[in-house]
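Architecture at a glance
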Amino acid sequence: MPEMSGGFFALLGLKFDEASGDRVTIRWPVRPELLQPFGIQHGGVYCSVVETAASVGGGLWLGDRGRVVGVSNQTDFLRAVREGELTALGTPVHRGRSQQLWQVEITDAGSRLIARGQVRLQNLYPDAA
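Since the structure is predicted, the reported quantities are computational estimates derived from the model, not experimental observations.

**Here we look at the overall build of the protein chain**
When you go through the protein chain residue by residue, the secondary structure sums to two helices and six strands. Helices (α) and strands (β) of the protein chain occur, in sequence order from the N terminus, as α-β-β-α-β-β-β-β. Taken over the C-alpha atoms alone, the protein chain extends approximately 50 × 25 × 25 Å along its principal axes. By the burial criterion, 36% of the 129 residues in the protein chain qualify as buried. Taking the intrachain contacts of the protein chain between residues at least 6 apart in sequence as the baseline, contacts between residues at least 24 apart amount to 60%. Carbon and sulfur atoms provide 51% of the accessible area of the protein chain, an area that totals close to 7000 Å². Charge centroids of the protein chain, computed over 13 positive and 13 negative side chains, lie 4 Å from each other.

**Some remarks on the pattern of salt bridges**
Counted under the stated rule, the structure contains six salt bridges. Its salt-bridge partner being D17, residue R27 comes within 2.6 Å of it at the nearest N-O pair. You can see R27 sitting in strand 2 (residues 24–29) and its partner D17 sitting in strand 1 (residues 15–19), a full ten residues away along the chain. On the accessibility criterion, D17 (38% relative accessible area) is partly exposed. One salt bridge connects R31 with E33, and the closest N-O pair in it is separated by 2.7 Å.

**Regarding unusual backbone geometry**
Phi is positive for S111, which is not a glycine, with a value near 65°. Within the fold, S111 resides in the loop between strand 5 (99–107) and strand 6 (113–124).

**Describing the nonpolar core**
Most often, soluble globular proteins have nonpolar side chains that are buried together. I26, W28, Y46, L86, A88 and I106 are the most contacted members of the largest nonpolar core, which has 28 residues in total. Going through the elements one at a time, strand 1, strand 2, helix 2 (43–62), strand 4 (85–95), strand 5 and strand 6 are the ones with two or more residues in this core. By residue number, the principal contributor to this core is helix 2, which donates eight residues. Apart from the residues lying within four places of it in its own chain, the contact partners of L86 are I26, R27, W28, V30, Q41, Y46, V81, I106, T107, D108 and I114.

Each value, and the rule that gives it
- Just so you know, the residues in each chain are numbered from 1, in the order the chain's sequence is written.
- Two thresholds apply to this predicted model, a pLDDT of at least 70 for residue-level local features and 80 or more for giving and counting side-chain atom pairs, whereas whole-chain, interface and lining totals are computed over all residues.
- Values shown for side chains rest on all heavy atoms present in the structure; no hydrogens or waters enter the calculation.
- Helix and strand definitions here come from DSSP, where helices need a minimum of 4 consecutive H or I residues and strands a minimum of 2 consecutive E residues; each element is numbered from the N-terminal end.
- The classification of residues rests on relative accessible area computed with a 1.4 Å probe and restricted to protein chains. Under 20% of the type maximum is buried, over 50% is exposed, and intermediate values are partly exposed.
- Pairs of residues are marked as contacts when any of their non-hydrogen atoms sit within 4.5 Å.
- Accessibility throughout is a Shrake-Rupley quantity obtained with a 1.4 Å probe, and a residue counts as covered only by protein chains that appear here.
- His is not counted here, nor are the chain ends, while Lys and Arg score as positive and Asp and Glu score as negative.
- Every charge is mapped to an atom, namely NZ of Lys, CZ of Arg, CG of Asp or CD of Glu.
- Any carboxyl oxygen of Asp or Glu within 4 Å of a side-chain nitrogen of Lys or Arg constitutes a salt bridge here.
- The criterion is simple. A nonpolar core is a set of buried Ala, Val, Leu, Ile, Met, Phe, Trp, Tyr and Cys residues joined through side-chain atoms within 4.5 Å.

These figures come from the coordinates and say nothing about function on their own.
Okay, structure coming up:
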């Protein structure tokens, strides 16, 4: 599992339960500093977690062949959350030579779907001109 304990990951309070090129699972607590002015989890947190899960999984899948960068993130917010712990599950939809598409579903402790997103990743190869 990749070591991601500082910076933005620490700010969001992300904990990786599983990270591979086929599946990424991330948990985090809903905290007061991550709420928007109306007292619910800020949508930017969902977008960030969706991007993180997809990028980590896509990067692990590509491995030493290159690196990945996100080129599109589309996240839908389905249910308001004020407290508790959330879990994101990222899985690949498509993994090709030049791009990948990952889907991420965010659920609460009751397994209710809270947000859903997808990220398109560009595969970058060091020898490409």
